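Working through the structure, step by step
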Amino acid sequence: QVQLEESGGGSVQAGESLRLSCTTSESFFSAMGWYRQAPGKQRELVAGITWGGATTYSDSVKGRFTISRHNSQSTVYLQMNSLKPDDTAVYYCNINGDYSRGTEGYYWGQGTQVTVSS
């Protein structure tokens with residue numbers, strides 16, 4: 001059973017920053033990604049990164065969010081800058097998807113809440 005543990009969510013004001021972390025029980029992964037789901041909306045891809053470091057971003061976060069990974073620690077980070085109220089959602093970690101093709105992996109984290117107030 002693959003485990004994903006997220007941390008780093010919280011409540012901030014618009015324009016501020018947060019960093020999310022996701023650590024997996026897997027010592028190797030082909031890719032990890034972050035999704036989010038806002039109330040009443042479908043879950044959407046935020047960003048993904050391959051083991052080799054290739055990244056994918058949704059248009060809504062390009063230039064504001066940065067995904068990175070620490071392979072030896074099996075951890076992926078999502079640095080979120082210039083946060084907007086529209087970024088408010090539950091953020092989920094996902095593993096081994098093909099994010100550049102819009103394909104999610106099978107395993108999910110429990111989610112972490114990000115709330116941005118204006």
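Refer to the preceding data block for the structure.
Residues numbered from 1 in each chain as written. Predicted model: local features only at pLDDT ≥ 70, side-chain atom pairs only at ≥ 80, totals over all residues. Heavy atoms only, no water.

1. Things to note about the pattern of salt bridges
To keep things clear, this is the line we draw: We define a salt bridge as a side-chain nitrogen of Lys or Arg found within 4 Å of a carboxyl oxygen belonging to Asp or Glu. The cut-offs for exposure are 20% and 50% of the maximum accessible area for each residue type, with area from a 1.4 Å probe on protein chains only; residues under the lower value are buried, those over the upper are exposed, and the others partly exposed.
Going through the model one piece at a time under the given rule, you end up with five salt bridges. Of the charged contacts in the structure, one is a salt bridge between Glu44 and Arg36, with a shortest N-O distance of 2.7 Å. We classify Arg36 as buried; its relative accessible area is 5%. Each of Arg36, Glu44, Arg64 and Asp87 takes part in a single network of salt bridges with overlapping partners.

2. Thoughts on the nonpolar core
The condition that has to hold: Buried residues of nine kinds, namely Ala, Val, Leu, Ile, Met, Phe, Trp, Tyr and Cys, make up a nonpolar core once their side-chain atoms join them within 4.5 Å. Starting at the N terminus, helices and strands are each numbered in turn, a helix being any DSSP run of H or I of at least four residues and a strand any DSSP run of E of at least two. Note on definitions: a residue-residue contact is assigned when non-hydrogen atoms from the two residues lie within 4.5 Å.
Ranked by internal contacts, the top residues of the largest apolar core, which has 26 residues, are Met32, Trp34, Val46, Phe65, Leu78, Met80 and Tyr91. Those elements that place two or more of their residues in this core are strand E3 (18-24), strand E4 (31-37), strand E5 (44-50), strand E7 (65-70), strand E8 (75-80), strand E9 (89-95) and strand E11 (112-117). At four residues, the largest contribution of residues to this core is made by E9. In this structure Leu78 touches Leu18, Arg19, Leu20, Trp34, Val46, Ala47, Phe65, Thr66, Ile67 and Tyr91, once residues within four positions along its chain are discounted.

3. Overview of the side chain of Ser74
Filter applied, for reference: Here a polar contact is taken to be a pair of N or O atoms separated by no more than 3.5 Å, where protein atoms must pair a possible hydrogen donor with a possible acceptor and residues adjacent in sequence count only if both atoms sit in side chains.
Structurally, Ser74 is set in the loop between E7 and E8. Residue class for Ser74 comes out buried when judged on its relative accessible area of 8%. Side-chain polar atoms of Ser74 contact the backbone oxygen of Glu26, separated by 2.8 Å. Ignoring any residue separated from it by four or fewer positions in sequence, one finds Ser74 in contact with Cys22, Thr23, Thr24, Glu26, Ser27 and Phe29.

4. With respect to the side chain of Thr112
When you line up the elements, Thr112 lands in strand E11. Of note is the side chain of Thr112, whose polar atom sits 3.2 Å from the backbone nitrogen of Gly9. Apart from residues no more than four positions distant in its own chain, Thr112 is found in contact with Glu6, Gly8, Gly9, Leu20, Ala89, Val90 and Tyr91.

5. Quick notes on the sheet that holds E3
Defined as follows: For two strands to count as paired, DSSP must find a minimum of two bridges between them. To obtain an axis, a line is fitted to C-alpha atoms, over the contacting stretch when the element is a helix, and the angle between two such axes runs from 0 to 180 degrees between their N-to-C directions.
With respect to topology, four strands assemble into an open sheet ordered E1-E3-E8-E7, the strand pairing being antiparallel. Only two strands of the sheet have a single neighbouring strand rather than two, namely strand E1 (4-7) and E7. For this sheet the average axis-to-axis angle between neighbouring strands, irrespective of direction, equals 15 degrees. Pairing geometry for E7 and E8, over six bridges, is antiparallel. Bridge pairing in E8 links Ser68 to Tyr77.

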